[in-house]
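An overview of the molecular structure
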Amino acid sequence: MLGLLCFAFFSPIFLSAQDSTSHRFTHLAIEVRADADFFYDYGRQYLPNVVDNGTFYDTTRYGLHGRYFNIRLGGEFGKGFSYFFHQRVIANPGTSSLFDNTDFLYLQYTLRDRWAFRVGKEALSIGGFEYDAAPIDVYFRSYFWDNIYCFQLAGSAMYLDKSGHNKLTLQISNSPYVYYTGTGKEWGQGLLGYSLMWNGNFTHFQSLYSINFFERERGKFVNYISLGNRLKFNWWSWYIDYQNRSFGLDKHFFDNFFVISRMDFRVHSFNIFLKGGYEQNMADAATVLNPEIQVKDPLMEPGQRRVFYGIGMEFRPARCPSVRIHANVSHVNYIPKYKYESTNGGSFNVNLGVTWKIDFLRYFPKLSK
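Conventions adopted
- Residues numbered from 1 in each chain as written.
- Predicted model: local features only at pLDDT ≥ 70, side-chain atom pairs only at ≥ 80, totals over all residues.
- Heavy atoms only, no water.
- Pairing = 2+ DSSP bridges.
- Helix = DSSP H or I, 4+ residues; strand = E, 2+ residues; numbered from the N terminus.
- 1 Å grid on protein atoms, 1.4 Å probe; cavity = no way out; pocket = protein on both sides within 12 Å on 5 of 7 lines; lining within 4 Å.
- Points joined across faces, edges and corners; volume = space filled by probe spheres on them.
- Nonpolar A, V, L, I, M, F, W, Y, C, P; charged D, E, K, R; others polar.
- pLDDT = per-residue confidence, 0-100.
- Contact = heavy atoms within 4.5 Å.
- Core = buried A, V, L, I, M, F, W, Y, C linked by side-chain atoms within 4.5 Å.
- Buried < 20%, exposed > 50% of the residue type's maximum accessible area, 1.4 Å probe, protein only.
- Phe/Tyr/Trp six-rings, centres within 6.5 Å; stacked < 30°, edge-to-face > 60°.
- Lys NZ or Arg CZ within 6 Å of the ring centre and 35° of its normal.

What follows deals with the pairing of strand β7 (residues 166-174). Bridge count for strand β6 (residues 151-160) against β7 is 7 bridges, and the pairing is antiparallel. Across the sheet, the residue bridging to Ala 157 is Leu 170, located in β7. Hairpin connection between β6 and β7: a loop of 5 residues separates the two successive antiparallel strands, and Gly 164 in this loop has a positive phi of roughly 80°. Judged from the 9 bridges that link them, β7 and strand β8 (residues 192-201) form a sheet pairing that is antiparallel. By the bridge assignment, Gln 171 is partnered in β8 with Ser 195.

Have a look at this one:
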């Protein structure tokens, strides 16, 4: 696989040296986002064996910081072959493997515009529109979105039907739970994931549905059922995501899930959006009382129920649409479940920021021909 990835990256250079017409760029850009954040975290009473003997805490944080700096490179070469590379530039080195900070680095072969086969680093095929959004475009998010290790080494086969409205993806990958085993190693554990996703794209309706089986331990799986639904019209759109995660057909089958929704309203250069969600993991509730029990699904706090919601605005100047200014206000509330949690906990966030993308193909169009 490493050889294929190296071939995907370096072959355009070799090919262009032999024949300048055999390669064309489809992506050649950098993108940057910087934010100003104000957080106010208010207290929640914890179990005595968890934090500070059950005391309360109040925390205020604010400041300016760089959020993302990405490099995007993609192209086509040969007949049917293409590649894509997306590197998130991070000051800290990776902890598990060479590709820790690489979101995408894959080689793809497309056959007759219907079939495509892909190998390399890519996003796990999980349904839902919050999950599908690029990280640089997400301002406040679910606990699941914050904690899923969504970029993994994988192999995928994709089929697009004659109408162009339905795409099926079958994927075999590393399991995202390789990072929660405590070994600190991404590979060598034999933990794999198996995913089947349907992407529907109709006039006003879009879908991202998936069924996933990710190994938590060898031979023991966490099952995902993800249903992403979006209505899209000229000046507004609305999506609703539902995801259920389970460990088998037992009484806790519906105890670990989330529901997330977002509405967007576009007026000239402005986009106004409302977003909110509810998520819980009551299937792991017993681990709160007994920390020695292994948490089955660390992608949501065990024994917790969480609500988040907010409103925001995006503005793209007509003279420079590559620049985006955003502002949003959001709130997170943790709902008490047990008698020892005498008060809610949560946080309040005000976020301002600017994103700019430099698409070099706009300035050097000959590279894409």
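More follows now that the structure is in view.
Moving on to empty space enclosed by the protein. Per the counting criterion, the structure on display carries 1 cavity of 30 Å³ or more. Looking at the largest cavity, its volume works out to about 30 Å³. For the lining of the largest cavity, the elements supplying multiple residues, two or more each, are α2 (129-132) and β11 (236-246). Class assignment of the residues belonging to the lining of the largest cavity gives a composition of 3 nonpolar, 3 polar and 2 charged.

This part takes up the layout of surface pockets. There is about 680 Å³ of room inside the second largest pocket. Lining the second largest pocket we find 27 residues, and of these Arg 230, Arg 262, Asp 264, Asn 271 and Glu 314 sit closest to its centre. Looking at the lining of the second largest pocket, the elements with two or more residues in it are α2, β10 (220-232), β11, β12 (256-267), β13 (270-281) and β14 (305-315). In terms of residue count, β13 provides more of the lining of the second largest pocket than any other element does, 4 residues in total. Residue composition of the lining of the second largest pocket, by class: 10 nonpolar, 4 polar and 13 charged.

The predicted model of the protein has a mean per-residue pLDDT of 85, with 81% of residues at 70 or higher. Here helix α1 (residues 2-18) stands out as the element of the protein with the lowest mean pLDDT, 43, in contrast to α2, whose mean of 98 is the highest. This model gives residues 1-19 a pLDDT under 50, and the stretch forms 32 contacts once residues within four places in sequence are excluded. Low pLDDT (under 50) marks residues 45-54, which in the prediction has 15 contacts with non-local residues, meaning those over four places away or in another chain.

So, about the nonpolar core. In this structure, Ile 126, Tyr 131, Phe 144, Ile 148 and Tyr 224 are the most contacted members of the largest nonpolar core, which totals 26 residues. Among the secondary structure elements, those contributing two or more residues to this core are β4 (102-111), α2, β9 (205-217), β10, β12 and β15 (323-335). Excluding residues that lie within four positions of it along the chain, Ile 148 makes contacts with Ile 126, Tyr 131, Pro 176, Tyr 224 and Leu 299. Counting residues in hydrophobic clusters, the runner-up holds 10 residues, among them Phe 99, Leu 105, Leu 107 and Val 119.

Before going further, it helps to examine the packing of aromatic side chains. All chains considered together, the criterion is met by 26 aromatic pairs. Pairing Trp 115 with Phe 117 gives two aromatic rings, centres 6.2 Å apart and planes at 5°, and the pair type is stacked. Given a relative accessible area of 38%, Phe 117 falls into the partly exposed group. Ring geometry for Tyr 242 against Phe 257: centres 6.1 Å apart, planes inclined by 35°, an arrangement best described as tilted. Placement of Tyr 242 in strand β11 and of Phe 257 in strand β12 is noted, with a sequence separation of 15 residues between them. Assessed through its relative accessible area of 26%, Tyr 242 is described here as partly exposed. Aromatic rings pair up to connect Phe 77, Phe 81, Tyr 83 and Tyr 109 into one cluster. Taking the ring centre of Tyr 106 as reference, the NZ or CZ of Arg 118 above it sits at 4.1 Å. In this structure, Lys 275 packs its charged tip against the face of Phe 140, placed 5.7 Å from the ring centre.

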